[in-house]
There are 2 protein chains.
Amino acid sequence: MQSNTSHISIVLCRPQFAGNVGAVARCGKNMGIDRLVVVGNPNLDPDEMYRRATHVAAGVIDGIRHVDNLEAALADFQYVVGTTARLGNARGPVVSPREMAEKVAAISQENRIALLFGPEDAGLTNDELRFCHLAVNIPTAEFKSLNLSHAVMILCYEIFAYRSSGEGRFVSKLASSRELEGMYGQVASLLMKIGFLNSQNPEYWMMHIRRLLSRTGLYSKEVKIVRGICRQMDWFLANGVKEDKKA
Amino acid sequence: MQSNTSHISIVLCRPQFAGNVGAVARCGKNMGIDRLVVVGNPNLDPDEMYRRATHVAAGVIDGIRHVDNLEAALADFQYVVGTTARLGNARGPVVSPREMAEKVAAISQENRIALLFGPEDAGLTNDELRFCHLAVNIPTAEFKSLNLSHAVMILCYEIFAYRSSGEGRFVSKLASSRELEGMYGQVASLLMKIGFLNSQNPEYWMMHIRRLLSRTGLYSKEVKIVRGICRQMDWFLANGVKEDKKA
């Protein structure tokens, strides 16, 4: 089984250099991924983008979706792959590009996938990595800082080159980022209300909860169940008596 | 077993753009390969090279070995890996970047390896590919033309990421390109002399001979044997009687 590349988009978060965006468009086109989303920085020089994309990938530049903020950019994706050069406890478990390609091959059959990359200088923040179901680290020698388009190329290449030996396992439709964020918002507000989350630093535990819930990939139905639980809890907190569930 | 990256050099044949050379230096440094050879085009803008290399890889630019012609550039390498976007009979068998990485891991333990890339517009010519022991093709979608530094990155990444599962097989010291070219020159002149090679197009059959001899990788001792055979033939052609070998 190969990835369904028509279900995959490259999402560049606050890219600083138009040349890199152009080079990314070319990479994507080389590997059959021609959807590109740019978050923030709407003033990239178009000439430089088109020049580096080459005329063959000009259509990828024409089709760029410009979005103001990351949450909106990711709303309609069901699976978000984030890249990080830094490893550390706060960043959770990371996989290699090859392990990522294997997962993406299965998930992309039925789901829209975002490959998310941070800005050239600093990469994705911990806050931005929270949106990701999977974090990928590209192995390097001591000098870890890859050019943005080179990082994109390695991921796209691994996805394109991946062929599973067997039939593989289809992954049916997962919840979208919009559904998940709605759920996490509701969970956080509930946990804040009950004092589980410290209002000084609510994100610390939420990060662990997100990691736990996103690792397997949630289905829409499961998101509805979690939200149903939260709603029920809220109702109980407000009314102080146990609501009878139907049946 | 991992590759011994200190035995690996990137060789750029007639690169056209200084920016690409800088980006290649950065790629190499990311993946632990910091020897760079530039063949031809000595007038590349240094500012642009340093800018794209970033300050961390400035040392790679400082250390570039500039050479006039490809034969001289490759003389001291024992194994040459060439990249080609085009496939066809004239180009012989090609392998994937991953298969290349597996071979390089074994061969690099005891041998100096050149990763050879052609110019941005046209790639390596058939004549230049003749120097290669192995030809690699990077799989792509319909749009096959990769940016030079992206092609370099994919090969370097595969080499760096490759870990054989077992102990692997060490490949002991192979003949250098200088030894091989000396041998091929001698073989060609002999074959021309005996009318096996057409003086209009001597390269056609030589290409097949090179392919046959280079596929396995020749040891110095074997090169000496082939040359000994040629010498003996030459002597015989000149003297017309069979020379007695000692013992």
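To be clear, the structure that these remarks concern was listed above.
These remarks concern the structure in this document.

1. A short note on the sheet that holds strand β2 (residues 35-39) of chain A
Residues and elements named next belong to chain A.
- Pairing is parallel in the open sheet, where seven strands are placed in the order β3-β2-β1-β6-β4-β7-β5. The sheet is open, and its two borders are formed by β3 (65-67) and β5 (94-95), each paired with just one other strand.
- As paired strands, strand β1 (residues 8-13) and strand β6 (residues 113-117) are joined by five bridges and run parallel to one another. Note on β6: the bridge partner recorded for I10 is L115.
- On top of the sheet, helix α5 (residues 97-107) reaches β4 (79-83), β5, β6 and β7 (134-136); it is set at about 145° to β7, its chief contact.

2. Re the interface of chain B and chain A
- Taken together, the 21 residues of chain B in the interface contact 21 residues of chain A.
- Of all the secondary structure elements, the ones that give two or more residues to the side of chain B that touches chain A are α1 (18-30) and α7 (148-161) of chain B.
- The dominant element in the side of chain B that touches chain A, judged by the number of residues it contributes, is α7(B), at six residues.
- Considering only residue class, the side of chain B that touches chain A consists of 14 nonpolar, five polar and two charged.

3. A few points about the relation of the copies chain B and chain A
- Superposing chain B onto chain A requires a rotation of 179° together with a translation of 0.0 Å along the rotation axis, leaving an RMSD of 0.1 Å. Both chain copies can therefore be described as sitting about a two-fold axis.
- Both copies contact each other with a shared surface, as 100% of the interface residues of chain B are interface residues in chain A too.

4. As for unusual backbone geometry
- Despite not being glycine, N41(A) shows a phi value in the positive range, around 45°.
- With respect to the element layout, N41(A) can be found in the loop between β2 and α2 (46-53).

5. Some words on the pairing of β4(A)
All names here are of chain A.
- Extensive coverage of β4 is indicated by the burial of five of its five residues.
- Burial of β4 is two-sided: the residues Y79, V81 and T83 facing one way and the residues V80 and G82 facing the other way are all buried.
- In this sheet, β6 lies alongside β4 in parallel orientation, the contact comprising four bridges. Across the sheet, Y79 pairs through a bridge with I113, a residue of β6.
- Direction of pairing for β4 relative to β7: parallel, over a ladder of three bridges. Residue pairing across strands places T83 opposite V136, the latter belonging to β7.

Each value, and the rule that gives it
- Residues numbered from 1 in each chain as written.
- Chains lettered and ligands numbered in written order.
- Predicted model: local features only at pLDDT ≥ 70, side-chain atom pairs only at ≥ 80, totals over all residues.
- Pairing = 2+ DSSP bridges.
- Helix = DSSP H or I, 4+ residues; strand = E, 2+ residues; numbered from the N terminus.
- Contact = placed C-beta atoms within 7 Å.
- Axes fitted to C-alpha atoms, helices over the stretch in contact; angles between N-to-C directions.
- Nonpolar A, V, L, I, M, F, W, Y, C, P; charged D, E, K, R; others polar.
- Least-squares fit on C-alpha atoms with pLDDT ≥ 70 in both.
- Buried ≥ 20, exposed ≤ 12 C-beta atoms within 10 Å, placed from the backbone.

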